[in-house]
Amino acid sequence: MTEIDIRKATADDVDQLADLAHELNLFHQDDTRPDPVLLKKHQDYYEAYVAQIAEGKLIGYAAGYSMFQFHTATPGFEIQNIAVAAAHRRAGVGRGLMETLIMDKYRKGIRKFTLGVEKGNDSALTFYKALGFVERDFGDSWRCYLRDQNLEQFVDGFNAKR
């Protein structure tokens, strides 16, 4: 089995992140490849975690941004993308990325995680529900939330594995 290192992304990762984002976009019938120069320029606006194998090759990422819900005074994190290279799917990489991101943010006081899933992307919805996310129907997409009791169960389960 290939050893996988999951870590926060750095500016040196932007070219490979752009390639992985392009692969994700193609899955969604969009041929856009984000410009690595812009990813580097705007790195203060997002946070990404990467899965890396030997020789520094990235095989996945999870990215998003911090948010604050003023009406509930709740800090949160919107998970905007998670992608794993096709050759490495169904091997625990996505789960590892999500666990690392969620636990890192949880330790920093984040108590609400949100993400969106397009209708028809049943495998993604099943994956998020297995992590404890609860979905709400928003017409052409699902909004998924990990908070309150579900978040505490996630954290307890993660800590029990350690």
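Predicted model only: the values in this text are computed from it and were never measured. (Residues numbered from 1 in each chain as written. Predicted model: local features only at pLDDT ≥ 70, side-chain atom pairs only at ≥ 80, totals over all residues. Heavy atoms only, no water.)

A short note on the packing of helix H3 (residues 93–107) against helix H5 (residues 148–161)
Cut-off, in case you're wondering: Note on definitions: angles span 0 to 180 degrees between N-to-C directions of axes, and those axes are lines fitted to C-alpha atoms, for helices only across the stretch in contact. Each helix is a run of DSSP H or I of at least 4 residues and each strand a run of E of at least 2, with the numbering of both proceeding from the N terminus. In what follows, roughly perpendicular refers to angles from 65 to 115 degrees, roughly parallel to angles under 35, roughly antiparallel to angles over 145, and oblique to any angle outside these ranges. By definition in these notes, contact holds between two residues if any of their heavy atoms fall within 4.5 Å. Charged means Asp, Glu, Lys or Arg here, nonpolar means Ala, Val, Leu, Ile, Met, Phe, Trp, Tyr, Cys or Pro, and polar covers whatever is left, Gly included.
Orientation of H3 relative to H5, taken along the N-to-C sense of each, is 110°, at an axis distance of 11 Å. One element, H3, and the other, H5, form an angle in the roughly perpendicular class. In contact with Glu99, Ile102, Met103, Tyr106 and Arg107 of H3, H5 contributes Leu151, Glu152, Phe154, Val155, Phe158, Asn159 and Lys161. In terms of residue class, the contact of H3 with H5 is made up of seven nonpolar, one polar and four charged.

A few points about the side chain of Glu47
What counts here: Within 3.5 Å is the distance limit for a polar contact, defined as a pair of N or O atoms, with the added protein rule that one can donate a hydrogen and the other accept it, and that residues adjacent in sequence qualify only through two side-chain atoms.
In this fold, Glu47 is placed in strand E2 (residues 47–52). Looking at Glu47, its side chain comes within polar contact range of the side chain of Lys105, at 2.4 Å. Residues contacting Glu47, with those up to four places away along its chain left out, are Lys8, Ala62, Ala63, Gly64, Ser66, Phe77 and Lys105.

Some words on the pairing of strand E7 (residues 141–147)
Operational definition: Partly exposed residues are those whose accessible area sits between 20% and 50% of the maximum for their type, while under 20% is buried and over 50% is exposed, using a 1.4 Å probe and protein chains only. Strand pairing is assigned whenever DSSP identifies at least 2 bridges connecting the two strands.
Counted residue by residue, E7 has five buried out of seven residues, so it is predominantly covered. Direction of pairing for strand E5 (residues 112–118) relative to E7: antiparallel, over a ladder of seven bridges. From the neighbouring strand, Val117 faces E7, where its bridge partner is Trp142.

Regarding the packing of H3 against helix H4 (residues 122–131)
Here is the rule we go by: Less than a right angle of anticlockwise turn of the near helix away from the far helix marks a crossing as left-handed, whereas a clockwise turn marks it as right-handed.
As a packed pair, H3 and H4 sit with axes 11 Å apart at the nearest point and diverge in direction by 50°. Taken together, the axis directions place H3 and H4 in an arrangement best described as oblique. Crossing geometry of H3 relative to H4 is assigned as right-handed. For the pair H3 and H4, contact is made by Gly94, Arg95 and Met98 and by Phe127, Tyr128, Ala130 and Leu131, respectively. Taken together, the residues of the contact of H3 with H4 break down into five nonpolar, one polar and one charged.

Remarks on the environment of Asp13
By secondary structure assignment, the location of Asp13 is in the loop between strand E1 (5–8) and helix H1 (14–27). Given a relative accessible area of 5%, Asp13 falls into the buried group. Counting along the chain gives 44 residues from Asp13 to Lys57, while the straight-line C-alpha distance between them is 9.4 Å. The residues touching Asp13, leaving out its near neighbours within four places in the chain, are Arg7, Lys8, Val50 and Leu58.

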